[in-house]
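Listed below, chain by chain, are the residues.
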Amino acid sequence: MAETTTQQRPLAGWDKPELDLTDAQWQSSSRGRGDVQIAFVEGFIAMRNSARPESPSLIFTPAEWGAFVSGAREGEFDLT
């Protein structure tokens, strides 16, 4: 089976910059016990899977991050 590579393109209306996360200071989301890490970069919040740091990161604006965290606290998301 031949391997294929797909190019990811930003979604229409995507208004977030391409952030350089090379030197980001990643922090564990749950005092070292969680699978998620976050970093604050250029006014945005990046979130990645700590088990696969080479995977794409999710990028949130501060307002999006606030909504995400609020939803998580209300049980909308399972962060474990």
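Throughout, a residue's number is its position along its own chain's written sequence, starting from 1. Thresholds applied to this predicted model are a pLDDT of at least 70 for local features of residues and 80 or more for the giving and counting of side-chain atom pairs; totals over whole chains, interfaces and linings are not thresholded and use all residues. Side-chain descriptors were evaluated using all non-hydrogen atoms of the structure, hydrogens and water having been removed beforehand.

The chain appears in an unreviewed UniProt entry as DUF397 domain-containing protein from Streptomyces indiaensis.

A. Layout of the pairing of strand β3 (residues 44-49). Only protein chains enter the accessibility calculation, which uses a 1.4 Å probe. A residue is then buried if its area is under 20% of the maximum for its type, exposed if over 50%, and partly exposed in between. Per the convention used, a helix needs a DSSP run of H or I reaching at least four residues, while a strand needs a run of E reaching at least two, with both numbered from the N terminus. Summarising burial for β3: five of the six residues are buried, a large majority. Here a strand pair is declared whenever DSSP counts at least two bridges between the two strands. Alignment of strand β2 (residues 36-41) against β3, held across six bridges, turns out to be antiparallel. Its bridge partner lying in β3, Val41 is registered against Phe44. Linking two consecutive strands that pair antiparallel, namely β2 and β3, is a turn of two residues; a positive phi of about 50° is found at Glu42 within it.

B. Structural view of the sheet that holds strand β4 (residues 58-60). With antiparallel pairing, the four strands of this open sheet are ordered in space as β1-β2-β3-β4. Each having just a single partner strand, β1 (27-28) and β4 make up the two edges of the open sheet. Bridge count between β1 and β2: two bridges; the pairing is antiparallel. Bridge pairing links Ser28 to Gln37 in β2. Every residue pair with non-hydrogen atoms within 4.5 Å of one another is taken to be in contact. Axis angles are defined between N-to-C directions and span 0 to 180 degrees, where every axis is a line fitted to C-alpha atoms and, for a helix, only to the segment in contact. Across the sheet, helix α1 (residues 62-73) touches β2, β3 and β4, and the angle it forms with β4 is around 105°.

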